[in-house]
Amino acid sequence: MVEEYPKLAETLKNELKEALLGYEHIAEKKAFVALVDRGSLIKALELLNKISGGEVHLTSINGADLGEREMELTYFIWLLPQKIRVLVKTRLPKDDLKIQSAVKVMPAAILYEREVHEMLGVVFEGHPRLERLFLPEDWPEGVYPLRRD
Amino acid sequence: MSAIDLIIGPVHPALHEPERFVFKIDGEVVVDVEPRIGFVHRGIEKALSERTFVQDIYLAERICGICNVVHTLTAVQAIENAFGIEVPRRARYLRTIVHELNRMHSHLLILGVACELMGFDTLFMLFWRDREVVMDLVEIITGNRVMSAYNIIGGVRRNISDFEISEIKKALGSMAERLKHYKKVFMEDPTVRARCVNVGYLSRARTLALGAVGPTARGSGVEIDVRAEEPYAAFDEVPYTAVVYNEGDSWARLMVRIDETLESIKIIEQCLDRMPSGPVKVPVPEAAPRTAEGFSVTEAPRGELLHHVYAKEGEDKPIRYRVRTPTYANIPAVCEMLKGGYIADIPVTLVSIDPCFSCTDRVALVDVNSGEKRVVDIFTLMRRYRK
């Protein structure tokens, strides 16, 4: 619910400090969008887990190639008690596509991370099995179909 | 006894979309499950970003033949979200009606299939008879039974007349009575209870952690229903409360669907009663009027569906189009449900998450030690394992 947005913004600011690169709550989109530094992504997810008392639903992890330099990851999260849709975003430079895996914090990430890995080439460090998910076995190594370069 | 791999798929009756599950079995008990998905990966996300926004609606409709309406609805809502378009009220009501009719036919379909798998063919026929009524109603409103192409960016394709409204009300009234009877059968019939109760149990905590959605989550007591929590279309004016069962077994997941079908009738009736007048569509630009990101989350028959689109000002094609379908989200959960259960319960557990169905497929039984392969027809397998 919209009334919970300021409280959430306050908590994120206090806990993440400089790692919270920006945030906005858009009534039109009915969502709270937070942009965090990639090193603090797991901390942000843990924080959301804590705020909701573990009542958190990871809807999806979406990756998007934004052009020449950056890749954007969006974690769609639903907080059950607060009834807030949170979009945690993080940007990765294309020459260093590495990020910590979220599987330990949110087990639902297991398939989504594999998909982002094979489609865009993002490496999720600490994922138990970062293998192909949708693509066939004979798909060439190092070719990522949803990259725009 | 030696461990045996039971391979189900890529084509199998419990899976309309080809997926492959390798079950490690010890005697009759499933000890581990390994899913392999992607056999029908058509590269639709890539194709969506290579077509115009208008073409994308029709391509999105073809992601799933059964819940096609929800895909067009989510696609147009995501694009409207990115473009910043307000849809007329009447159009939002019409969208809700077709969306709920789509849910009804999808739920009745899977309930019928579940009954057939349990060996309760009479109820299967009854469910499917009523599904025909729903298909005809979709035809009355949209002009087509299946691929309706009803939702467009900025509204809906055609209006509804008072005569059509009265026809729909008439058909739905008698259907509610029959559905209440089927619900009673589901609650009391010994065959249904023997095959479904305590089969494929998953606790609330695990269901939530594994990110299950839709009736799969609500059958385990997780209260997530986008219609109730994040109202879209006309749901902000037609209040809805999620149907939740706490049992966590296949029976609960199927009961959620029966109750939701009844709820859908109520939603449609309310929409028809409160239908506002006015236009059903607004003119929209072909190219994106601004650089923005849009997304839409809706409650598809199988659970939460997400479309996420990146639009760039002046371009008529999205930069990135992402779709997260409900069955994909339910796969980690169904794997966990199957563990510890009997082979005989695999079909019922799989069907309880509603992964769509076909009936011509085969199952391979592989003995890992000898490497010997036997391919048997699913009906032979069902006869062997039917209780």
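Residues numbered from 1 in each chain as written. Chains lettered and ligands numbered in written order. Predicted model: local features only at pLDDT ≥ 70, side-chain atom pairs only at ≥ 80, totals over all residues. Heavy atoms only, no water.

A. Inspection of the domain arrangement of chain B at higher detail. All names here are of chain B. You can read the domains of chain B as domain 1 (4-40 + 328-385) and domain 2 (44-195 + 276-327). With 15 residues of domain 1 in contact, the opposing surface of domain 2 contributes 13 residues. When domain 1 packs against domain 2, close to 1,400 Å² is buried across both sides, 61% of that on carbon and sulfur atoms. The largest share of the area that domain 1 buries against domain 2 comes from Tyr 328, Val 348 and Asp 354, three residues that together contribute 38% of it. Our count for the contact surface shared by domain 1 and domain 2 stands at two salt bridges. Counting across the interface, domain 1 meets domain 2 through 11 residue pairs in polar contact (both at pLDDT 80 or more). For the side of domain 1 that touches domain 2, the elements supplying multiple residues, two or more each, are helix H12 (326-338) and helix H13 (346-352). Of the residues contributing to the side of domain 1 that touches domain 2, the split by class is 11 nonpolar, one polar and three charged. (Domains from an automatic or database assignment. Contact = heavy atoms within 4.5 Å. Buried area = accessible area lost by both parts, 1.4 Å probe. Salt bridge = Lys/Arg side-chain N within 4 Å of Asp/Glu carboxyl O. Polar contact = N/O pair within 3.5 Å; in protein donor to acceptor, adjacent residues only side chain to side chain. Helix = DSSP H or I, 4+ residues; strand = E, 2+ residues; numbered from the N terminus. Nonpolar A, V, L, I, M, F, W, Y, C, P; charged D, E, K, R; others polar.)

B. How the structure looks around helix H1 (residues 5-16) of chain A. Residues and elements named next belong to chain A. Here H1 is 12 residues long and its end C-alpha atoms lie 16 Å apart, about the 16 Å a rise of 1.5 Å per residue gives. Turning to H1, its buried residues number three or more, namely Tyr 5, Leu 8, Ala 9, Leu 12 and Leu 16. Angular distribution of buried residues about the axis of H1 spans 100°; they occupy a single face of the element. Seen from the open side of H1, the exposed residues pointing more than 90 degrees away from its buried face are Pro 6 and Lys 7. Count one or two residues on from H1 and you reach Lys 17, which has phi positive near 50°. (Expected span 1.5 Å × (residues − 1). Buried < 20%, exposed > 50% of the residue type's maximum accessible area, 1.4 Å probe, protein only. Arc of directions from axis to C-beta.)

C. Inspection of the pattern of salt bridges at higher detail. For the structure on display, the rule yields 40 salt bridges over all chains. Among the salt bridges present, the one from Lys 83 of chain A reaches Glu 229 of chain B, with a minimum N-O distance of 2.9 Å. Separated into two different chains, Lys 83 of chain A in the loop between strand E4 (70-79) and strand E5 (84-93) and Glu 229 of chain B in helix H10 (residues 226-229) make up a pair that spans both. Arg 62 of chain B serves as the salt-bridge partner of Glu 61 of chain B, at 3.6 Å between the closest nitrogen and oxygen. You can call Glu 61 of chain B buried: its relative accessible area is 1%. Since its relative accessible area comes to 43%, Arg 62 of chain B is described here as partly exposed.

D. Representation of the nonpolar core in the model. One finds Tyr 75, Ile 77 and Val 122 of chain A together with Phe 23 of chain B to be the most contacted residues of the largest nonpolar core, which totals 78 residues. The biggest single contributor to this core is H12 of chain B, with eight residues. Residues within four places of Ile 77 of chain A in sequence aside, it is in contact with Leu 45, Leu 48, Val 56, His 57, Leu 58, Ile 84, Arg 85, Val 86, Val 88 and Met 106 of chain A. Ranked by size, the runner-up nonpolar core spans 75 residues in total, among them Val 138, Ile 258, Leu 262 and Val 297 of chain B. (Core = buried A, V, L, I, M, F, W, Y, C linked by side-chain atoms within 4.5 Å.)

E. Quick look at the interface of chain A and chain B. With 43 residues of chain A at the contact, the number on the chain B side is 39 residues. Summed over both partners, the interface of chain A with chain B buries about 3,400 Å², with 52% contributed by carbon and sulfur atoms. For the pair chain A and chain B, the number of links is seven salt bridges. Close ionic contact of Glu 115 of chain A with Arg 322 of chain B constitutes a salt bridge, the shortest N to O distance being 2.8 Å. Seen at the junction of chain A and chain B, the total is 20 residue pairs in polar contact (both at pLDDT 80 or more). When residues of the side of chain A that touches chain B are traced back to their parent elements, those giving at least two are strand E3 (56-65), E4, E5 and helix H3 (109-120) of chain A. Broken down by element, the residue count for the side of chain A that touches chain B peaks at 10 residues, all from E3 of chain A. Per-class residue counts for the side of chain A that touches chain B are 22 nonpolar, seven polar and 14 charged.

F. Broad picture of the pairing of strand E3 (residues 29-36) of chain B. Two strands pair when backbone bridges link them, and strand E2 (residues 20-26) of chain B and E3 of chain B are joined in this way by seven bridges, in the antiparallel orientation. In the sheet register, Val 22 of chain B faces E3 of chain B, and the bridge partner there is Glu 34 of chain B. (Pairing = 2+ DSSP bridges.)

G. Representation of the side chain of Asp 189 of chain B within the structure. Residue and element names in this part refer to chain B. Within the fold, Asp 189 resides in the loop between helix H6 (162-188) and helix H7 (190-196). Put simply, Asp 189 is tucked away with no salt bridge, and the nearest opposite charge, on Arg 193, sits 9.0 Å away. At 2.9 Å, the side chain of Asp 189 and the backbone nitrogen of Thr 191 are in polar contact. (Lys, Arg positive; Asp, Glu negative; His and termini not counted.)

H. Seen up close, helix H4 (residues 89-118) of chain B. All names here are of chain B. Look at H4: 43 Å from first C-alpha to last across 30 residues, which is about the 44 Å you get at 1.5 Å a residue. The buried fraction of H4 is high, at 28 of 30 residues. Remark: Gly 119 follows H4 within two positions and exhibits a positive phi of approximately 90°.

I. Summary view of the packing of aromatic side chains. Applying the stated criterion to the full structure yields 12 aromatic pairs over all chains. Look at Phe 21 of chain B and Phe 23 of chain B: their rings are 6.0 Å apart centre to centre, the planes differ by 20°, and that puts the pair in the stacked class. A residue is classified by how much of its surface remains accessible, and Phe 23 of chain B, at 0% relative accessible area, is buried. Among the aromatic residues, those joined into a cluster by ring pairs are Tyr 5, Tyr 23 and Phe 32 of chain A. (Phe/Tyr/Trp six-rings, centres within 6.5 Å; stacked < 30°, edge-to-face > 60°.)

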